[in-house]
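# Fold and geometry: a report
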Amino acid sequence: MKQVLLVISILALFGVSSCNSPQSRSNAVNLNSWLEKNSHEIKTLELSDNQNDLKQLEQIVGDAKVVCLGESRHDIREQFQLKHRFIKFLVE
């Protein structure tokens, strides 16, 4: 999962910083700063009783009664594993 987040971060930074204007450089710095402040490490994709790394979901979901979980593709094993962990955490 760390690799997936790293790739997403790199692609986001590349997209923002691909222009060579001062505004683009400022946006890249702002995005990098935002990513550093708002990223949370997910320790594993494997199901376990230790769900402490998903505690941030409580703040994100709040007291919502319905939570939608989607995926960008249907053939990526890691997405299903992560979604499974999310569902287990949210139900418990």
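An account of the accompanying structure is given in this report. A quick note: this is a predicted structure, and the numbers were derived from the prediction, not measured.

## Here's the deal with the pattern of salt bridges
Applying the stated criterion across every chain, the model contains seven salt bridges. In this structure, D53 engages R85 in a salt bridge whose closest nitrogen and oxygen atoms are separated by 2.7 Å. Placement of the pair is D53 in the loop between α2 (22-38) and α3 (56-61) and R85 in helix α4 (residues 77-91), with a sequence separation of 32 residues. For the pair D53 and R85, a shared accessibility class is recorded, and that class is buried.

## Side note on α4
Side chains that are three or four residues apart share a direction in an α-helix, a result of its 3.6 residues per turn. Taking 1.5 Å per residue, 15 residues should reach 21 Å; α4 reaches 21 Å between its end C-alpha atoms and fits that length. Residues of α4 that are buried include every one of Q81, L82, K83, R85, F86, K88 and F89, and no others. The inward-facing, buried residues of α4 contact α3.

The rules we used
- Residues numbered from 1 in each chain as written.
- Predicted model: local features only at pLDDT ≥ 70, side-chain atom pairs only at ≥ 80, totals over all residues.
- Heavy atoms only, no water.
- Salt bridge = Lys/Arg side-chain N within 4 Å of Asp/Glu carboxyl O.
- Helix = DSSP H or I, 4+ residues; strand = E, 2+ residues; numbered from the N terminus.
- Buried < 20%, exposed > 50% of the residue type's maximum accessible area, 1.4 Å probe, protein only.
- Expected span 1.5 Å × (residues − 1).
- Contact = heavy atoms within 4.5 Å.

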